[in-house]
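A look at the structure
For reference, the chains in residue letters:
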Amino acid sequence: INAEYMGKCMDRYLDGGVTVADRLRETLMCGDDCDHCELFTDEEKNEFLYHVLWRIAAGGALCQWEDDFTPYRDAARGIYKDLVGVQKNPLTQELEAVSVVYQVHGLDASVPLFARESDNQNFCYLCINPVRREVVYWYSGFVSMW
(Lines give C-alpha, C1' and ligand atoms only; values in the text may rest on other atoms or scores of the structure.)
Protein backbone atom coordinates (compact mmCIF):
# COMPACT_ATOMS: atom_id res chain seq x y z
CA ILE A 1 0.00 0.00 0.00
CA ASN A 2 1.33 3.42 -0.94
CA ALA A 3 0.84 5.90 1.91
CA GLU A 4 0.98 8.82 -0.52
CA TYR A 5 -1.93 7.56 -2.66
CA MET A 6 -5.20 9.39 -2.03
CA GLY A 7 -8.29 7.21 -1.95
CA LYS A 8 -11.09 7.95 -4.34
CA CYS A 9 -14.71 8.65 -3.51
CA MET A 10 -17.97 9.14 -5.39
CA ASP A 11 -17.89 12.34 -7.42
CA ARG A 12 -19.53 15.35 -5.81
CA TYR A 13 -20.18 18.52 -7.74
CA LEU A 14 -19.88 21.75 -5.79
CA ASP A 15 -21.00 25.23 -6.79
CA GLY A 16 -18.78 26.83 -9.38
CA GLY A 17 -18.09 23.64 -11.30
CA VAL A 18 -15.68 22.08 -8.80
CA THR A 19 -15.61 18.27 -8.70
CA VAL A 20 -14.67 16.44 -5.51
CA ALA A 21 -13.40 12.98 -6.47
CA ASP A 22 -10.93 11.98 -3.73
CA ARG A 23 -10.66 11.82 0.06
CA LEU A 24 -8.34 14.84 0.34
CA ARG A 25 -10.73 17.22 -1.43
CA GLU A 26 -13.69 15.65 0.33
CA THR A 27 -12.08 16.23 3.74
CA LEU A 28 -11.04 19.80 2.94
CA MET A 29 -14.02 21.04 0.93
CA CYS A 30 -17.12 19.24 2.17
CA GLY A 31 -16.94 20.35 5.80
CA ASP A 32 -19.00 18.32 8.26
CA ASP A 33 -20.68 16.49 5.38
CA CYS A 34 -17.98 13.81 5.02
CA ASP A 35 -16.73 10.75 6.89
CA HIS A 36 -13.32 12.28 7.59
CA CYS A 37 -14.33 15.73 8.83
CA GLU A 38 -12.61 15.13 12.21
CA LEU A 39 -9.24 14.47 10.55
CA PHE A 40 -8.23 18.08 11.24
CA THR A 41 -8.93 19.77 14.57
CA ASP A 42 -10.49 23.25 14.71
CA GLU A 43 -7.10 24.59 15.78
CA GLU A 44 -5.42 23.02 12.74
CA LYS A 45 -8.14 24.42 10.47
CA ASN A 46 -7.23 27.91 11.68
CA GLU A 47 -3.58 27.46 10.68
CA PHE A 48 -2.51 29.17 7.47
CA LEU A 49 -0.80 26.01 6.20
CA TYR A 50 -4.19 24.26 6.27
CA HIS A 51 -5.64 27.07 4.13
CA VAL A 52 -2.74 26.80 1.67
CA LEU A 53 -3.28 23.05 1.32
CA TRP A 54 -7.03 23.60 0.93
CA ARG A 55 -6.46 26.12 -1.89
CA ILE A 56 -3.92 23.92 -3.67
CA ALA A 57 -6.10 20.81 -3.43
CA ALA A 58 -9.27 22.67 -4.47
CA GLY A 59 -7.75 23.76 -7.75
CA GLY A 60 -10.35 25.11 -10.12
CA ALA A 61 -12.84 24.20 -12.78
CA LEU A 62 -10.13 23.03 -15.20
CA CYS A 63 -7.79 21.53 -12.60
CA GLN A 64 -6.16 18.20 -13.42
CA TRP A 65 -5.78 16.43 -10.09
CA GLU A 66 -3.03 14.18 -8.86
CA ASP A 67 -3.58 10.73 -7.38
CA ASP A 68 -0.65 11.11 -4.97
CA PHE A 69 -0.41 13.49 -2.03
CA THR A 70 3.27 14.39 -2.64
CA PRO A 71 2.71 17.14 -5.25
CA TYR A 72 0.13 18.84 -2.99
CA ARG A 73 2.41 18.62 0.04
CA ASP A 74 5.39 20.00 -1.88
CA ALA A 75 3.38 22.84 -3.44
CA ALA A 76 1.80 23.79 -0.10
CA ARG A 77 5.21 23.88 1.58
CA GLY A 78 6.67 26.01 -1.20
CA ILE A 79 3.84 28.53 -1.21
CA TYR A 80 3.83 28.72 2.59
CA LYS A 81 7.58 29.42 2.62
CA ASP A 82 7.14 32.13 -0.03
CA LEU A 83 4.37 33.87 1.89
CA VAL A 84 5.32 33.54 5.57
CA GLY A 85 8.45 35.06 7.10
CA VAL A 86 10.34 33.20 9.83
CA GLN A 87 13.13 33.99 12.24
CA LYS A 88 15.10 32.10 14.86
CA ASN A 89 13.84 32.51 18.40
CA PRO A 90 16.83 33.76 20.45
CA LEU A 91 15.74 31.77 23.53
CA THR A 92 14.94 28.41 21.97
CA GLN A 93 17.00 28.68 18.75
CA GLU A 94 13.99 27.29 16.88
CA LEU A 95 12.45 28.82 13.78
CA GLU A 96 9.09 30.48 14.28
CA ALA A 97 6.74 32.36 12.01
CA VAL A 98 6.81 36.12 12.40
CA SER A 99 4.27 36.99 9.72
CA VAL A 100 0.68 37.76 10.61
CA VAL A 101 -1.80 36.42 8.06
CA TYR A 102 -5.21 37.92 7.39
CA GLN A 103 -7.90 36.52 5.13
CA VAL A 104 -9.67 39.35 3.35
CA HIS A 105 -13.29 38.68 2.40
CA GLY A 106 -14.11 42.07 0.90
CA LEU A 107 -13.54 45.78 1.02
CA ASP A 108 -16.93 47.45 1.01
CA ALA A 109 -20.10 47.39 -1.06
CA SER A 110 -18.82 49.90 -3.62
CA VAL A 111 -15.54 48.05 -4.36
CA PRO A 112 -16.08 44.33 -5.03
CA LEU A 113 -13.04 42.17 -4.39
CA PHE A 114 -14.33 39.19 -6.39
CA ALA A 115 -16.49 38.84 -9.50
CA ARG A 116 -18.76 36.35 -7.71
CA GLU A 117 -18.83 37.24 -4.02
CA SER A 118 -20.63 34.09 -2.87
CA ASP A 119 -18.13 31.61 -4.28
CA ASN A 120 -16.03 29.90 -1.58
CA GLN A 121 -13.28 29.36 -4.16
CA ASN A 122 -12.44 33.07 -3.94
CA PHE A 123 -9.62 33.97 -1.59
CA CYS A 124 -7.31 36.78 -0.67
CA TYR A 125 -4.66 36.48 2.03
CA LEU A 126 -2.40 39.26 3.28
CA CYS A 127 0.81 38.10 4.93
CA ILE A 128 2.41 40.91 6.93
CA ASN A 129 6.02 40.49 8.01
CA PRO A 130 6.75 43.17 10.63
CA VAL A 131 10.46 42.32 10.77
CA ARG A 132 11.06 42.94 7.07
CA ARG A 133 8.25 45.53 6.88
CA GLU A 134 6.64 43.89 3.90
CA VAL A 135 3.22 42.70 2.83
CA VAL A 136 2.76 39.77 0.47
CA TYR A 137 -0.65 38.88 -0.89
CA TRP A 138 -2.10 35.74 -2.43
CA TYR A 139 -5.29 36.32 -4.40
CA SER A 140 -7.54 34.25 -6.61
CA GLY A 141 -10.93 35.26 -7.92
CA PHE A 142 -12.51 32.00 -9.04
CA VAL A 143 -14.19 31.92 -12.45
CA SER A 144 -16.05 28.83 -13.52
CA MET A 145 -15.27 27.67 -17.03
CA TRP A 146 -18.71 26.11 -17.50
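Here's what I pulled together on the structure shown here. (Residues numbered from 1 in each chain as written. Predicted model: local features only at pLDDT ≥ 70, side-chain atom pairs only at ≥ 80, totals over all residues. Heavy atoms only, no water.)

**Digging into the overall build of the chain**
Defined as follows: For the purposes of this entry, the term helix denotes a DSSP run of H or I that reaches at least four residues, the term strand denotes a run of E that reaches at least two, and both are numbered from the N terminus. Throughout this description, buried means an accessible area under 20% of the type-specific maximum (1.4 Å probe, protein chains only), exposed means over 50%, and partly exposed covers the range between. We call two residues contacting when some pair of their heavy atoms lies within 4.5 Å. Only the protein chains shown count as cover for residues, with accessible areas throughout obtained via the Shrake-Rupley method and a probe of 1.4 Å.
Secondary structure assignment for the chain yields four helices and seven strands. Sorting the 146 residues of the chain into buried and exposed places 34% on the buried side. By sequence separation, contacts in the chain at least 24 residues apart represent 46% of the contacts at least 6 residues apart. For the chain, the accessible surface area stands at approximately 9,700 Å², while carbon and sulfur atoms represent 53% of it.

**Structural notes on the pairing of strand S2 (residues 18–22)**
Defined as follows: For two strands to count as paired, DSSP must find a minimum of two bridges between them.
Across the five residues of S2, five count as buried, placing the element largely inside the fold. Across four bridges, strand S1 (residues 8–14) lies against S2 in antiparallel orientation. Each residue of the ladder has a partner; that of Lys-8, found in S2, is Asp-22.

**Digging into a nonpolar patch on the surface**
To be explicit about the condition: Candidates for patches are residues over 30% relative accessible area with no salt bridge; among them, like charges are joined within 9 Å and nonpolar side chains (Val, Leu, Ile, Met, Phe, Trp, Tyr) within 5 Å. In what follows, salt bridge is the name for a side-chain nitrogen of Lys or Arg lying within 4 Å of a carboxyl oxygen of Asp or Glu.
Side chains of Val-100, Tyr-102, Ile-128 and Val-135 sit close together on the surface and give an oily, nonpolar patch of about 340 Å² of accessible area. Topologically, Val-135 is positioned in strand S7 (residues 134–140).

**What to know about the packing of helix H3 (residues 48–58) against helix H4 (residues 70–83)**
Any two packed helices are characterised by how steeply their axes cross, that is the angle between the axes, and by the distance between the axes. Formally: Each axis is a line fitted through C-alpha atoms, and for a helix only the stretch in contact is used; angles between axes span 0 to 180 degrees, taken between their N-to-C directions. Throughout this description, any angle smaller than 35 degrees is read as roughly parallel, any larger than 145 degrees as roughly antiparallel, any in the 65 to 115 degree range as roughly perpendicular, and the remainder as oblique. Each crossing gets its handedness from the near helix: less than a right angle anticlockwise from the far helix is left-handed, clockwise is right-handed. Note that Gly is not counted as nonpolar here; it falls among the polar residues with everything else outside the nonpolar set of Ala, Val, Leu, Ile, Met, Phe, Trp, Tyr, Cys and Pro and the charged set of Asp, Glu, Lys and Arg.
Their axes nearest at 9 Å, the elements H3 and H4 cross at an angle of 130 degrees. Between H3 and H4, the interaxial angle falls into the category oblique. Note that H3 runs across H4; the crossing there is right-handed. Two secondary-structure elements touch here, H3 through Phe-48, Leu-49, Val-52, Leu-53, Ile-56 and Ala-57 and H4 through Tyr-72, Ala-75, Ala-76, Ile-79, Tyr-80 and Leu-83. Counted by class, the contact of H3 with H4 contains twelve nonpolar, no polar and no charged residues.

Function-wise, these values are silent; they only describe arrangement.
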